[in-house]
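One letter stands for each residue in the lines below.
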Amino acid sequence: MSDDHVYLSLTEAGPGPEGEARWAYGTGFADPLLGVDAAAPKGIDPADLAAYCLMLGDDVLVLSQRLIQWITRAPELEEEVALANLGLDLLGQARRLLTRAGQLDGSGRGEDELAYWREESAYRNVRLVELENGDFAQCVVRLLLFATAREELYRRLVGHADPVLSAVAALGVKELAYHREYASSWAVRLGDGTEESHRRMRAALDALWPWLEELFTPHEVELRLGVDPLQLREPVLASLEQVLAEATLPVPDLPGRAYVNGRAGRHGVHTEAMGPLLAELQVVARAHPGATW
Amino acid sequence: MEAQAQVQARFDAAVAAEQRVEPRDWMPEAYRATLVRQIAQHAHSEIIGMQPEGNWLTRAPSLRRKAILLAKAQDEAGHGLYLYAAAETLGVDRAELTEKLVDGRQKYSSIFNYPTLTFADVGVIGWLVDGAAICNQVPLCRCSYGPYARAMVRICKEESFHQRQGYELLMTMTAGTDAQRAMVQDAVDRWWWPSLMMFGPPDGASPNSERSMAWRIKRHSNDELRQRFVDMTVPQAEHLGVLLPDPELAWNAERGSWDFGEPDWSELQQVIKGHGPCNAQRIERRRAAHEGGAWVREAASAYAAKRAAEEASGERSSG
C-alpha cells in the first residue's frame, strides 16, 4: 500500500465490500460488533436487553444528529472541532448499541435498518436530546445535563453482564467524562462571562432543566433489568449543582415536563421536534430502499 | 542599503538552495505578503469547504457514511486551524483574516461555490476535488516557508484519506442500483470541469506564478498540475465505469498523456467574481456563524480577564 501516494494506493486497492478500498480512517468499521456472541447473557431476557440497548442507542444517535447540525455554525473553529468530536463519539456508541439491539431482538435488523427505517413512535430516546438546537448556551446546557447523567450511568454499566453494554460503557465513561468537562468549562465561562452570556445561560437552563427528570424516570424494562435510573438522580444533581455554583448560575426550581397519558420518549411519545429530525436523517436512505452505501 | 542588499542576497541563496525560511528569518515583504494571501486563502477554503459536504451530514444514508463524513468535517476544521496558525507566524491574526473573509476582501477556492445536489456529490468531491487539491498541495510540503510546509505534510496525509473514502463511496454506489449509478454520473458531469479549474488559469494567464516559482512556494505550473491530474483520473474513471464529460479526451501516445478540452474559463471568471451559484450563501453562513458566535467569544474573554485579574490581586495580597 503506497500511503504516501494516494493515486497509487487507490488503484492498488481492490473494489468490493471486502476489498482494501473499504478501508476508512478510524470511523470505518463496517460491522460494529464483529466477533461478539449474539446471544444474551444467561438470566437476561433478550427482548428486554434489546429494548434497553435501543433506548440508550437512540439517545446518543439523536443527540449526535443535533450536534451535527452545529457543524459550520459553531461560534469558533475550536468548537467546530470539539462538537464534531463529541458527535462522533456518540454516533460510535449508537452504532454499537443499535447493532446489539438488532442482534438481540431476533429481527436481524442492522444498525442502518434501525436508524433509517423505524417510525418516530418506535424511537425510544428521551425527549431532551431531540429538542431543537437553539443557541450555543442551549447546546452547552443540553450537553452538560446529558453528559453528566450518561457518564454516571455508564459508570454503573461497566461491569454489566452483557459484553456490548459493558464495552460501550467502558469506553463511554471516558468519552462522556470529556463531554461533561467540555460542557462544564463552557457553562462556567458563559455563566460567569458577560451579562449577555449569563442571561442566555439562565434562559437555556430554564428551557432544558424541565426535561432532565425524564432521564431519571424508570421504564419497566429498566426496572426488570435492574438498572433503575432513579439511582442516578442524586449524584447527577449534586454534580450539576457544583458546576452551576461555579458558573454563578442558580439551580432552576422547575417541575419536570409532564408525560402524555403516562408515556414519553422511552415509550415512543416524542415532541414536535422529533418528526423533522427523523425526516432529515432518513430521507436519502428511504428514497433508495435496498441500496448499499 | 548595502545591508539590505546583503540580506536579500542571503535569502535568495538560501531559498535557491532549498533551505527553509522560518518565522524569525528576514524575508522580503512581497514574499511575506504572498504567503499570507496564499495561506489565508487556503485556510478559508478548508473552512468554507466544510459547507458543501456538511450539507449532507444530517442526511447521510448510512451511519458509517455519516461517521466518515463527520470525521472529514472535523479534519477540515482542524486543517483550517493549522493553516491559520501558520499564517499567524507571519504577523497576522486569525480574527483579522476571518473578518477579511466575511467582508469579501480575501478569497477561498471557487470550487466551493458550486452546490452539492445529491449524496453522490460527497463521493465525487472526495475523488475529484480532494484529488485535485492533493495534486496542488503535495508540492507545498516542500514549500520554502517552514510552518506552511509542515502544516501541509499533515494536511496532505489526511486529504489522502478523504480521497480514498470518496472514491470508495463511489465504488460502492456504482456497484449498487441503477439510481445510484445515475447519481454518480450526474455528479461527475457537474464536478469535472470545476475540478479542472481548481488548478488556476492557463500558464499564459497566471500573473503571479513565475515569482512564486522562484521563491519555491510553487513548484509546478498550473498546466503541468492539471495534466497530471487528468492523467491520474482517467484510468480511475474507467475503473469506476463513469464517463468524464469531455468529448476531446483522447490518449496521445506521442506525449504519453491524455489530451483534453478547454474548460469554460468565462464561467469560472463569473464564479471568481462572486457570481457563482453559492458564493453569497457560503459567505452568509460563515458570517452568521462568526457574528452569531460573537457573544460566546466575548464571554470567554471576559471570563479569562476576570480570572487573570483575580490571580493578579491574589499575588499582590499574598506577596
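Residues numbered from 1 in each chain as written. Chains lettered and ligands numbered in written order. Predicted model: local features only at pLDDT ≥ 70, side-chain atom pairs only at ≥ 80, totals over all residues. Heavy atoms only, no water.

Where an unreviewed UniProt entry is consulted, chain B appears under the name Phenylacetate-CoA oxygenase subunit PaaA, with the organism given as Kitasatospora phosalacinea.

With an unreviewed UniProt entry as reference, chain A is termed Phenylacetate-CoA oxygenase subunit PaaI, source organism Kitasatospora phosalacinea.

S.K.: Describe in detail the overall build of chain B, supporting the description with residues and values.
M.R.: Scanning chain B from terminus to terminus reveals 13 helices and two strands. C-alpha extents for chain B along the principal axes are approximately 75 × 55 × 30 Å. The buried share of chain B, taken over its 319 residues, is 56%. Sequence separation of at least 24 residues holds for 77% of the intrachain contacts in chain B that already meet a minimum separation of 6. (Helix = DSSP H or I, 4+ residues; strand = E, 2+ residues; numbered from the N terminus. Buried < 20%, exposed > 50% of the residue type's maximum accessible area, 1.4 Å probe, protein only. Contact = heavy atoms within 4.5 Å.)

S.K.: Quick rundown of the pattern of salt bridges? Include the residues and the values.
M.R.: Residue and element names in this part refer to chain B. Tallied over the entire structure, the rule returns 38 salt bridges over all chains. A salt bridge links arginine 150 to glutamate 22; the shortest N-O distance between them is 2.8 Å. In this pair, arginine 150 sits in helix α7 (residues 146-174) while glutamate 22 sits in the loop between α1 (2-16) and α2 (29-48), placing the two residues 128 residues apart along the sequence. The class for arginine 150 is partly exposed, based on a relative accessible area of 46%. (Salt bridge = Lys/Arg side-chain N within 4 Å of Asp/Glu carboxyl O.)

S.K.: Give a detailed account of the interface of chain B and chain A, specifying residues and quantitative values.
M.R.: The interface is formed by 62 residues belonging to chain B together with 68 residues belonging to chain A. When chain B packs against chain A, close to 5,800 Å² is buried across both sides, 68% of that on carbon and sulfur atoms. The largest contributions to the chain B side of the interface with chain A come from Leu63, Arg164 and Trp295 of chain B, which together make up 15% of the buried area. Summed over the shared surface of chain B and chain A, the number is four salt bridges. Between arginine 94 of chain B and glutamate 78 of chain A there is a salt bridge, with the nearest N and O atoms lying 2.5 Å from each other. Where chain B meets chain A, there are 17 residue pairs in polar contact (both at pLDDT 80 or more). (Buried area = accessible area lost by both parts, 1.4 Å probe. Polar contact = N/O pair within 3.5 Å; in protein donor to acceptor, adjacent residues only side chain to side chain.)

S.K.: Tell me about the packing of helix α3 (residues 77-104) of chain A against helix α5 (residues 136-157) of chain A, residues and numbers included.
M.R.: Residues and elements named next belong to chain A. Remark: α3 packs on α5, axes separated minimally by 13 Å, with the N-to-C direction vectors making an angle of 40°. Classified by the angle their axes make, α3 and α5 are oblique. Between α3 and α5 lies a crossing of left-handed hand. Residues Glu79, Leu83, Leu86, Gln93 and Leu97 of α3 touch α5, and the partners they reach there are Phe136, Cys139, Leu143 and Tyr154. Residues belonging to the contact of α3 with α5 are distributed by class as follows: seven nonpolar, one polar and one charged. (Axes fitted to C-alpha atoms, helices over the stretch in contact; angles between N-to-C directions. Parallel < 35°, antiparallel > 145°, perpendicular 65-115°, else oblique. Left-handed = near helix turned anticlockwise from the far one by under 90°. Nonpolar A, V, L, I, M, F, W, Y, C, P; charged D, E, K, R; others polar.)

S.K.: Let's hear about α3 of chain A: which residues, and what values?
M.R.: Residue and element names in this part refer to chain A. End to end, α3 covers 41 Å across 28 residues, agreeing with the expected 40 Å (1.5 Å per residue, within 8%). When you tally the buried positions in α3, you get 23 out of 28 residues, the bulk of the element. The first or second residue beyond α3 is glycine 106, which carries a positive phi of 80°. (Expected span 1.5 Å × (residues − 1).)

S.K.: Kindly report on empty space enclosed by the protein, identifying the contributing residues and their values.
M.R.: A full pass over the atoms with the stated rule returns four cavities of 30 Å³ or more. Reported here for the largest cavity is a volume of approximately 110 Å³. Looking at the largest cavity, the residues that line it are Glu53, Arg65, Ile68, Leu69, Lys72, Phe119, Val122, Gly126, His162, Gln165, Gly166 and Leu169 of chain B. Class assignment for the residues of the lining of the largest cavity results in five nonpolar, four polar and three charged. Roughly 80 Å³ of internal volume is contained in the second largest cavity. In this structure, the second largest cavity is lined by Leu56, Ala149, Arg150, Leu153, Leu215, Phe216, Glu222, Pro229, Leu232 and Arg266 of chain A. Element by element, the count of residues in the lining of the second largest cavity is highest for α5 of chain A, at three residues. (1 Å grid on protein atoms, 1.4 Å probe; cavity = no way out; pocket = protein on both sides within 12 Å on 5 of 7 lines; lining within 4 Å. Points joined across faces, edges and corners; volume = space filled by probe spheres on them.)

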